[in-house]
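A structural walkthrough
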Amino acid sequence: MGSPGASQVSEDKEGVEETTGLTAGAPKEKEAIEVEQRGRALRWSPFSWFRMLADEMHWSFVFGVVTVNGISQGLGGAIWKVASDYYWKDVQKVQPSAAQVYHGITSLPWIVKPLWGLLTDVLPLAGYRRRPYLILAGLVGAISMLTLSLHDNLHVVFALMAMTAGSAGVAIADVTIDACVAQNSINHPALAADMQSLCELSLSIGSLLGFSISGLLVHAISSQGVLGLISIPFALVFSVGIVLKEMHTPNIPYRQVYQKFLQASQTMWTTLRCPDVWRPCLYMYLSLSLSLNIQEGMFYWYTDSTSGPSFSQGTIGFIFSVGSAGSILGVLLYQNVLKDYPFRGLLFWSQLLSSLSGMLDLILVLRLNLKVGMPDYLFVVIDECVSQMVGRLKWMPLLVLSSKLCPLGIEGTFFALLMSIDNTGLLTSSWAGGLLLHMLKVTRAEFSNLWAAILIRSIMRALPLAILCLVPKSDPSSTSLPADMLTGNDKMEAHEVEVDDVELVSLVDKS
């Protein structure tokens with residue numbers, strides 16, 4: 001339903017005041033320093049940290065981030081992952097290569113994230129730019145999940161359409177809350193990294209809880225029943241659209257919507273042509289696409305009683321929950337130790353560790369762990385924890401780098417475009433992984449060549465190291481875009497509000 005990682009996104013717009021040339025720059029800079037110092041002091045106090053974020057922005061914003069990232073993408077996404085795996089395997093009875101392709105298809109709504117971003121930026125509904133889209137996302141997701149749950153003999157095509165619709169609901173909510181984070185990252189640049197951590201911590205903690213109970217739920221009420229329960233997180237997303245504090249803009253000039261679409265498209269194209277933008281974008285796409293996804297082959301092997309360890313539903317859920325704990329550890333490690341390191345150095349080590357950690361699956365499938373006396377269960381738990389932690393350490397700098405490539409005025413839309421590039425890479429890796437499983441004849445009952453798929457995947461994960469020169473040497477505190485892209489142009493400008501209300505309008509007509 002959500003993108004693996006994808007699912008998971010927020011923005012960092014630091015240093016904007018220095019480039020805007022506003023006369024109020026000095027007071028803002030002083031305020032930013034004070035907020036940053038307070039944030040560092042509260043870093044190890046979670047409740048005070050949450051209170052500080054709510055005071056600086058608004059409680060509804062924090063509630064929206066926790067609901068969309070933590071409950072919908074994290075908790076709901078984790079439950080959906082386990083339930084959908086069993087749904088394709090036990091209800092639809094498809095091959096692992098087909099299931100891999102179907103998971104890629106359900107991620108298509110994440111590929112068109114710029115469309116959702118453009119809609120939230122330039123097409124307000126009833127005077128609001130964000131709230132209606134959160135309401136729509138909640139409705140679409142809840143209806144699709146209930147359809148999967150209540151229909152016993154749903155054709156595979158309609159099941160795929162329902163799952164894709166559910167994924168679209170999560171994607172629309174994700175883009176909308178991303179736009180909110182982007183605007184608040186501009187208004188509160190000193191808290192941009194804290195908002196990044198809030199999004200990722202919410203996602204990781206939600207995933208941990210979701211995976212912990214997913215296997216038990218599938219065992220108790222079947223995969224279809226669990227898919228029906230996912231309508232509850234969508235209902236909460238609907239409630240975010242009701243309570244989110246956003247400035248009402250009456251008398252929207254809808255006749256100018258088309259012109260705004262053209263302006264936004266021109267600005268995105270101009271930004272993408274900048275070498276400082278397209279080079280890291282190319283690296284991000286290749287880095288993700290070359291990491292072939294063969295997770296469905298591993299899942300089928302996990303649950304096989306002949307060739308594999310024959311893990312139960314509860315065991316599968318617990319394994320994934322431990323992986324989420326590793327993901328939380330990766331976020332905390334990045335937030336408190338690594339977030340100030342240069343992008344290129346951090347991505348070098350995370351990419352290398354990603355390749356090496358992939359070899360743990362090879363040890364497991366070849367049963368080498370049993371020869372040294374380590375049970376499959378213990379080894380898989382360690383494997384999943386290490387893999388998720390390394391994956392998070394790789395994903396976090398990519399998110400921060402992406403947020404720093406966004407031009408002022410269409411930050412939500414352009415960040416969605418960058419995330420769609422990343423999700424295209426994930427889709428490529430998923431389909432290529434399915435093709436690899438098919439070519440090696442890995443089926444529901446045949447896993448003799450699964451080790452070869454793991455070996456090929458691990459080797460390909462190291463290939464992006466050869467193009468690491470595309471990533472800038474800068475660190476997160478520096479500016480990645482030219483000054484003219486941070487100050488806007490003659491057609492578009494960002495509107496920043498210096499009041500307590502959370503202003504979420506990210507695209508304003510200059511006239």
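Described in the following lines is the structure provided in the data block.

Reading the values: the criteria
- Residues numbered from 1 in each chain as written.
- Predicted model: local features only at pLDDT ≥ 70, side-chain atom pairs only at ≥ 80, totals over all residues.
- Heavy atoms only, no water.
- Helix = DSSP H or I, 4+ residues; strand = E, 2+ residues; numbered from the N terminus.
- Buried < 20%, exposed > 50% of the residue type's maximum accessible area, 1.4 Å probe, protein only.
- Areas by Shrake-Rupley, 256 points an atom, 1.4 Å probe, with all protein chains shown as cover.
- Contact = heavy atoms within 4.5 Å.
- Expected span 1.5 Å × (residues − 1).
- Arc of directions from axis to C-beta.
- Phe/Tyr/Trp six-rings, centres within 6.5 Å; stacked < 30°, edge-to-face > 60°.

Here's the deal with the overall build of the protein
Regarding its fold elements, the protein presents 21 helices and two strands. Looking at the protein residue by residue over its 511 residues, the buried ones come to 58%. Here the protein displays about 19,900 Å² of accessible surface, and carbon together with sulfur accounts for 66% of that area.

Things to note about the environment of T303
Tracing the sequence through the fold places T303 in the loop between α14 (295-302) and α15 (313-338). The exposure class assigned to T303 is buried, which follows from its relative accessible area of 16%. Expressed as a C-alpha distance, the spacing of T303 and Q313, which sit 10 residues apart in the sequence, is 8.4 Å. If we ignore the near neighbours within four places in the chain, the residues touching T303 are Y86, K89, S310, F311 and I316.

Description of helix α12 (residues 257-272)
Over its 16 residues, α12 extends 22 Å from the first C-alpha to the last, a length consistent with the 22 Å expected when each residue adds 1.5 Å. Of the positions making up α12, those classed as buried are V257, K260, F261, Q263, A264, T267, M268 and T271. Looking straight down α12, one finds that the buried residues subtend no more than 165 degrees of arc, so they occupy a single side. Of the exposed residues in α12, those oriented more than 90 degrees away from the buried face are Y258 and W269.

A word on the packing of aromatic side chains
Going through the model one piece at a time under the given rule, you end up with 10 aromatic pairs. With 5.8 Å between their ring centres and 50 degrees between their planes, Y302 and F311 make a pair best called tilted. Given the relative accessible area of 10%, F311 is considered buried. Centroid distance F318 to Y377: 6.0 Å. Interplanar angle 15 degrees. Geometry classified as stacked. Of this pair, F318 sits in helix α15 while Y377 sits in helix α18 (residues 376-403); the two residues are 59 residues apart in sequence, bridging distant segments of the chain. The class for Y377 is partly exposed, based on a relative accessible area of 36%. By the ring-pair criterion, three or more aromatic residues cluster together here, those being Y86, F299 and Y300.

Nothing here speaks to function; it is all geometry.
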